[in-house]
Amino acid sequence: MQITITRPDDWHLHLRDGEALAAVLPHTARQFGRAIVMPNLKPPVTTVELAAAYRDRILAALPAGMAFEPLMTLYLTDNMQPAEITRAAASGFVKAVKLYPAGATTNSDAGLTDIRKADATLAEMERVGLPLLVHGEVTDPAVDLFDREKVFIDTVLLPLTQRFPKLKVVMEHITTKDAAEFVASSAANVAATITAHHLLYNRNAIFQGGVRPHWYCLPVLKRETHREALVAAAISGNPKFFLGTDSAPHARGAKEAACGCAGCYTAYAAIELYAEAFENAGALDQLEAFASFNGPDWYGLPRNADTVTLVKETWTVPASYPYVSTDDIVPLRAGESLSWKMR
Ligand SMILES: NC(=O)N[C@@H](CC(=O)O)C(=O)O
Ligand SMILES: [Zn+2]
Ligand SMILES: [Zn+2]
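The following refers to the structure shown. From a predicted model like this one, the values you see are computed outputs, not experimental measurements.

**Thoughts on the site of ligand 1**
Around ligand 1, 15 residues are found, and the nearest of them are Asn40, Thr105, Leu218, Asp246 and His250. Between ligand 1 and Arg16, the relevant distance is 2.8 Å, taken from an oxygen atom to a side-chain nitrogen or oxygen of the residue. Here an oxygen atom of ligand 1 and a side-chain polar atom of Thr105 are 2.7 Å apart.

**Notes on the coordination of the zinc ion (ligand 3)**
Ligation of the zinc ion (ligand 3) by protein atoms is provided by His12 (NE2), His14 (NE2) and Asp246 (OD), these donors lying 2.0 Å from the ion. Given four donor atoms and angles of 94 to 136° at the metal, the environment of the zinc ion (ligand 3) is assigned as irregular. Going along the chain, you hit the donors of the zinc ion (ligand 3) in the pattern H-x1-H-x231-D. Between the zinc ion (ligand 3) and the zinc ion (ligand 2), a separation of 3.8 Å is found. With a gap of 232 residues between them, His14 in the loop between strand E2 (10-13) and helix H1 (18-31) and Asp246 in the loop between strand E9 (241-243) and helix H9 (252-255) connect regions that are remote in the sequence.

**Re the sheet that holds strand E10 (residues 307-316)**
Read from one edge to the other, the open sheet built from three strands follows the order E1-E10-E13, with strand pairing classed as antiparallel. What marks the edges here is a single partner per strand, and that holds for strand E1 (2-6) and strand E13 (337-342). Recorded for the sheet is a direction-independent mean angle of 35° between the axes of neighbouring strands. Across the face of the sheet, helix H10 (residues 270-280) comes into contact with E1, E10 and E13 while running at roughly 110° to E13. Packing of helix H11 (residues 287-299) onto the sheet brings it into contact with E1 and E10, and relative to E1 it is tilted by some 30°.

**A few points about the coordination of the zinc ion (ligand 2)**
Ligation of the zinc ion (ligand 2) by protein atoms is provided by His135 (ND1) and His173 (NE2), these donors lying 2.0 to 2.1 Å from the ion. Classification of His135 as buried rests on a relative accessible area of 1%. Judged by its relative accessible area of 2%, His173 falls in the buried class.

**Regarding the nonpolar core**
Counting 101 residues, the largest nonpolar core has Leu15 and Leu287 as its most contacted members. Top contributing element to this core by residue count: H10, with seven residues. When neighbours within four sequence positions are excluded, Leu15 is seen to be in contact with Ala20, Leu21, Val24, Leu25, Val37, Tyr54, Ile58 and Phe68. Of all hydrophobic cores here, the second largest spans 14 residues; its members include Met38, Leu133, Val170 and Leu301.

Conventions we followed
Residue indices begin from 1 for each chain and proceed along its sequence in written order. Numbering of ligands from 1 and lettering of chains from A proceed in the order in which they are written. Totals for whole chains, interfaces and linings use all residues, but because this is a predicted model, local features are given only for residues with pLDDT of at least 70 and pairs of side-chain atoms are given and counted only at 80 or more. Side-chain numbers here rest on the full set of heavy atoms in the structure, without hydrogens or water. Distances are taken per atom, and a residue is near a molecule or strand as soon as one of its heavy atoms is within 4 Å of it. N or O atoms within 3.5 Å of each other form a polar contact, as long as, within protein, one can give a hydrogen and the other can take it, and as long as residues adjacent in sequence are counted only when both atoms are side-chain atoms. Only nitrogen, oxygen and sulfur atoms qualify as donors, provided they sit within 2.8 Å of the metal or within 3.2 Å for Na, K and Ca; with water excluded from the atoms, sites may seem incomplete. Key to geometry: four donors with every angle between 85 and 135 degrees are tetrahedral; four donors are square planar and six octahedral where opposite donors lie over 155 degrees apart and all remaining angles lie between 65 and 115; all other sites are irregular. Only runs of H or I of at least four residues qualify as helices and only runs of E of at least two qualify as strands under DSSP, and these elements are numbered from the N terminus. We call two strands paired when DSSP finds no fewer than two bridges between them. Between N-to-C directions, angles span 0 to 180 degrees; the directions come from axes that are lines fitted to C-alpha atoms, helices contributing only their stretch in contact. By definition, residues are in contact when any of their heavy atoms lie within 4.5 Å. The buried label applies to any residue whose accessible area, calculated with a 1.4 Å probe on protein chains only, is under 20% of its type's maximum; exposed applies above 50%, and partly exposed to all values in between. Each nonpolar core is a collection of buried residues, namely Ala, Val, Leu, Ile, Met, Phe, Trp, Tyr and Cys, held together in the definition by side-chain atoms within 4.5 Å.

This is the structure we're talking about:
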């Protein structure tokens, strides 16, 4: 059995920089036509100028003969001025601005400390039509880790969409039924990305027979009822839900540690993992809309013109891939088998 679909895009991706960028980029470029590239480098990508330089480094790292278009994002800080938004919109290659609540996730120290501080910047984004991408978790240590997405919706996102009703917003890597319902019931300018790992796994995966650092990401995997709600949203055909892998590479040593980093490395077989999730749900016919149509349609970009073919074929995921000179990277599902393979 095989399926052929319009070439997909990845609407939420971490490519890192330097050696790591060179190691992971071919995995993404093999499958996806474009990707929304996250700006949480050290230091973060906060200006159009930094985004242009990062884009050049990505294109320089692309192996000869591979076609791939990086869609750049800016990292929203307390200090970003509305003029940077005007420049970003005029640049043509900056497609969105990313909101990390300060301290919420990997490299988010420079993130926003209070959404109100960004009001003038958000107003300009609403005016020029530049989307806001949100890591939707509160950082209050008093809020239970598993409730942080829901509390973010209630205390930050809902008021934000009311204050800026025309602002284009993507709630990134949603993990709960609450988020799926919030997005579905919001206006058409509010959308969401969903990762393959949140469609395939619930939180038991993190503790299967012992602690499993390669299944630890943020927002953390949730209970089964939430996974089921995410699958229902992804296969629903609702154009507000689209593919965003949140493939977040970290060296093995940074994951297999006393305080391991958050992030799952899935880019090596992203579309195969999604195909498995859609097949499990009996909805392979919905994969193309989710992976290849809904994202470009929402962003106002053309759909890709070429196709990819996935073959039902069992193969074993390598134990690791080369990453940086000092360490390798362990992909999600290392050593296990996958049932789909891109030709
Ligand atoms: N998802 C993750 O667990 N980690 C991401 C950051 C993020 O997307 O929140 C990373 O950059 O490593
Ligand atoms: Zn995030
Ligand atoms: Zn991410």
